[in-house]
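# Summary of the model geometry
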Amino acid sequence: MTQKRAESSRQVAILLSLYNGETYLDAQLASILAQTHPDWTLYWRDDASTDLSRDRMRAFAEGPGKGRCVEITTRHGRLGVAGSYAHLLDAIPDTTYVAFADQDDIWKPQKLEWALDAVSRRPAEKPTLYCARQYLTDADLVIFQESAPLRRRPDFPASLTQNIATGHTILLNAATHSLMRNTPPPPSVLHDWWAYLLTAAAGGEVIFDNRCVSYYRQHAHNTVGATGSFIRRAWAACRRGPKVFMTIFNSNVACLREGSKTIAPENRKLLEDLATARTFTQRLSVLCRYRNLKRQRPVESLVFRLWYLFPTLPR
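Summarised in this report is the structure supplied together with it. For clarity, every value in this text was computed on a predicted model and none was experimentally measured. Residue positions within a chain follow its written sequence, with the count starting from 1. The predicted nature of this model means local features are confined to residues of pLDDT at least 70 and side-chain atom pairs, given and counted, to a pLDDT of 80 or more, with totals for whole chains, interfaces and linings taken over all residues. In computing side-chain properties, one takes all heavy atoms of the structure into account and sets aside hydrogens as well as water.

### Quick look at unusual backbone geometry
Peptide bonds are mostly trans, and most non-glycine residues show a negative phi. In this structure, Ala-48 takes a positive phi of about 65° despite not being glycine. Summarising the element assignment, Ala-48 is placed in the loop between strand S2 (40–46) and helix H2 (53–62). Exposure classes here rest on a 1.4 Å probe applied to the protein chains alone. A residue is buried below 20% of its type maximum, exposed above 50%, and partly exposed in between. On the basis of relative accessibility, which here comes to 34%, the residue Ala-48 falls in the partly exposed class. In this text, helices come from DSSP runs of H or I with a minimum length of four residues, and strands from runs of E with a minimum of two, each type numbered from the N-terminal end.

Written as structure tokens, this is what we have:
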């Protein structure tokens, strides 16, 4: 697809990857159509669905969304969630803002408007990412909880330990989109965390909106999903043990080091220190020097530090 700068300074490219999402897709598309900010184009691809997802999407594109939907067909077959969104990011034209959508959630009408109001106040040349809280619901959209508020401001060291940017709430400016072009995430990392990592690593700004901007369905087929229970999250993490987490952690560090030209100097130093810390003493020194290398909750931070210091602990 020809790369062309969008004419409108407030145009949003909404990216949507489909995979067997026919059950909830119509409701998500209706919520996009109901946005109070009307200047958007929906770029979508089907990731080898075996249900009617593609048919429903095409019906929307030929009906209520006519003239506002573009199917990306430059790669076929199953790419997986991260691969599919990475391809969408590479394939779309240059656009002032980019938003991620999921096939099974519902946006509040003001979602894009609120995000644009926040991001547009920042310098266009500075990588900026907006994300927000959500209503956690069951499959029938019955709200059982709001997602957790932030306890501390997001920054680069913290971004290495935990993702706080839920995909379907994210809006990127063109500077962050540029960072993500032709820069796919490492294995086991989705597009939302990778966007957060790249923005923070480059010295950009991460804006977290404490308002709930969407209804996040929890059902049997969520790719990741969320739970409102801290105890459940902690128990699941302990069952997985340090090996899985530290493999992802080290993979993120290694991939970010490869893109060092876009990394802020102070963050490049942290990546180098993390990559070269081999012994217990060296790792302890890293934790002492980088006090922000922690998660949102003190207990979670303690677990992270133990796993970082003793990455071979048994489950």
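### Some words on the packing of helix H10 (residues 265–276) against helix H11 (residues 280–289)
Here an axis means a line fitted to C-alpha atoms, over the contact stretch when the element is a helix, while the angle between two N-to-C directions is reported on a 0 to 180 degree scale. For the pair H10 and H11, interaxial distance at closest approach is 9 Å and the crossing angle is 155°. Relative to H11, the element H10 is oriented roughly antiparallel. Of the two elements, H10 crosses H11, and the hand of that crossing is left-handed. Across from Lys-269, Asp-273, Leu-274 and Thr-276 in H10, the residues of H11 making contact are Gln-282, Val-286 and Arg-289. Any angle that is under 35 degrees is reported as roughly parallel, and any over 145 degrees as roughly antiparallel; angles of 65 to 115 degrees are reported as roughly perpendicular and all others as oblique. In this scheme the handedness of a crossing depends on how the near helix is turned from the far one: anticlockwise by less than a right angle means left-handed, clockwise means right-handed. Should any heavy atoms of two residues lie within 4.5 Å, those residues are counted as being in contact.

### Side note on a nonpolar patch on the surface
Among the surface-exposed residues, Phe-280, Leu-284, Leu-302, Leu-306 and Phe-310 lie close enough to one another that they form a single nonpolar patch of about 430 Å² accessible area. Counting residues per element, the ones that place at least two in the nonpolar patch are H11 and helix H12 (298–309). Leu-306 gets classed as partly exposed once you look at its relative accessible area, which sits at 37%. Nonpolar side chains (Val, Leu, Ile, Met, Phe, Trp, Tyr) are joined into patches within 5 Å and like charges within 9 Å, using only residues with over 30% relative accessible area and no salt bridge. Using a 1.4 Å probe, the Shrake-Rupley method yields the accessible areas, and only the shown protein chains count as cover for residues. The salt bridge definition used is simple: a Lys or Arg side-chain nitrogen within 4 Å of an Asp or Glu carboxyl oxygen.

### Quick notes on the pattern of salt bridges
Enumeration over the complete set of coordinates arrives at 15 salt bridges. Residues Arg-133 and Glu-146 are paired through a salt bridge, measuring 3.2 Å at the closest nitrogen-oxygen approach. With a gap of 13 residues between them, Arg-133 in strand S6 (residues 128–137) and Glu-146 in strand S7 (residues 143–146) connect regions that are remote in the sequence. Residue class for Arg-133 comes out buried when judged on its relative accessible area of 12%. One network of salt bridges, with partners in common, ties together Glu-22, Asp-26 and Arg-56.

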